[in-house]
Amino acid sequence: MKKISILIPAYNEQEVLDKLYARLTKLAHNNKFYEFEFLFINDGSRDRTLEIIKEYAKKDRRVSYVNLSRNFGKEVAMCAGFDHVTGDATVIIDADLQDPPELIPDMIKYWEKGYDDVYAKRVSRDGETWFKKFSSNLFYRILQKTTHIPIQIDTGDFRLLDRRCIEALKQIRESQRYTKGMFSWIGFNKKEITYNRDPRAAGTTKWNYMKLINLAIDGIVSFTTAPLRISTIAGFLVSFIAFVFIIILIFKTLVFHDPVAGYPSLMAVILFLGGVQLLSLGVIGEYIARIFTETKGRPLYLIEEYHNGSDVKKARR
Ligand code: UDP
Ligand code: MG
């Protein structure tokens, strides 16, 4: 019997876990030809999430969990999941039921037809503000234009991945991760299915705009060096304009004996150039910071406890 792993990163999700677990058991009940594993990654929750998961694991052998030593963020939590799933295929799903588990049989169907990566594209996003929709749209457009790998628009992490995709993803050990880009980067046979994204079942979103902006910068910086190229081009452009301006100034002074234009124009030019320089430095800094964190070679995450069936591995005291 083939085994399907359901990978669920969870951070402070005590309100929705019961609903999620009920729907997952129903899914397993309706698909008897497959064995299921429900792998929860507890990403340093500060509420009762871990206790609830432990209760499930006690009475249900399909439930396994990884308890991370602190909150590492969803991207790293997913990586911990890739390292620990045991199934022939893995479905990544949010704990908050924004991704309907009822779509999973469809994904399995396409997987059986030979697709390696069946991803769910959302056609509606109820319960999200227009600003979030607008900004995420803009971000995808920019990313698409600057990177040369096709990144799927309006697609989250909700997808089924074949074992060979998981093995490929496990080899990517970057610490500042943009997993959505990695799914595209690894390639393999992709299949798109569509669904309506529901609002959160309960609890509150763990994202705020600062986190989203950071993820957006991570996404761009980790997949393209285009910003460096843009600052080079901007440098050329500004230098050229400055050169033309100098010639005009010399000409005016020598031919028309025009006194030098005063303080305001000088100030404008200095401030503008200062701004451009700081921006370019910032762009270079982003890449250097990345080199710095990657060269440290730290482990991506630390595990406090891993529970799989009857087997429990705890970090030693
Ligand atoms: N999540 C996580 N670690 C974090 C933040 C979020 O594991 O630091 C999990 C969270 O429990 C949920 C999923 O990532 O299962 C998506 O989070 P959320 O619903 O808050 O994001 P949104 O749907 O608003 O983008
Ligand atoms: Mg959500």
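Our subject is the structure that appears above.
On a predicted model such as this, the values are computed, not experimentally measured, just so you know.

Trainee: It is not clear to me how the site of ligand 1 should be interpreted in this structure. Could you clarify?
Mentor: Around ligand 1, a shell composed of 18 residues is seen, among which Glu13, Asp43, Asp96, Gln98 and Lys206 lie nearest. Aspartate 96 is positioned with one of its side-chain polar atoms (N or O) 2.5 Å from an oxygen atom of ligand 1. One nitrogen or oxygen atom from the side chain of glutamine 98 is found 2.6 Å from an oxygen atom belonging to ligand 1. If ligand 1 stood free it would expose 530 Å²; the protein chains cover 93% of that surface. A per-class count over the shell around ligand 1 returns five nonpolar, four polar and nine charged.

Trainee: What exactly am I supposed to notice about the side chain of aspartate 96 here?
Mentor: Mapping aspartate 96 onto the fold places it in the loop between β4 (89-92) and α4 (104-112). The exposure class assigned to aspartate 96 is buried, which follows from its relative accessible area of 4%. At 3.1 Å, the side chain of aspartate 96 and the backbone nitrogen of glutamine 98 are in polar contact.

Trainee: It is not clear to me how the coordination of the magnesium ion (ligand 2) should be interpreted in this structure. Could you clarify?
Mentor: Metal coordination angles have textbook ideals: 109.5 degrees for a tetrahedral set of four donors and 90 or 180 degrees for an octahedral set of six. Distances from the magnesium ion (ligand 2) to its protein donors, Asp96 (OD) and Gln98 (OE1), fall at 1.9 Å. Residue aspartate 96 shares its accessibility class with glutamine 98, and that shared class is buried.

Trainee: Is there a simple way to think about the layout of surface pockets in this case?
Mentor: Take a probe with the size of a water molecule and roll it over the atoms, and the empty space left behind shows itself. Considering only enclosed or pocket space, the second largest pocket measures out at about 350 Å³ in volume. The element contributing the most residues to the lining of the second largest pocket is helix α10 (residues 263-296), with three residues. Split into classes, the residues belonging to the lining of the second largest pocket amount to six nonpolar, five polar and five charged.

The rules behind these values
Residues numbered from 1 in each chain as written. Chains lettered and ligands numbered in written order. Predicted model: local features only at pLDDT ≥ 70, side-chain atom pairs only at ≥ 80, totals over all residues. Heavy atoms only, no water. Near = heavy atom within 4 Å. Polar contact = N/O pair within 3.5 Å; in protein donor to acceptor, adjacent residues only side chain to side chain. Areas by Shrake-Rupley, 256 points an atom, 1.4 Å probe, with all protein chains shown as cover. Nonpolar A, V, L, I, M, F, W, Y, C, P; charged D, E, K, R; others polar. Helix = DSSP H or I, 4+ residues; strand = E, 2+ residues; numbered from the N terminus. Buried < 20%, exposed > 50% of the residue type's maximum accessible area, 1.4 Å probe, protein only. Donors = N, O, S within 2.8 Å, 3.2 Å for Na, K, Ca; no water. 1 Å grid on protein atoms, 1.4 Å probe; cavity = no way out; pocket = protein on both sides within 12 Å on 5 of 7 lines; lining within 4 Å. Points joined across faces, edges and corners; volume = space filled by probe spheres on them.

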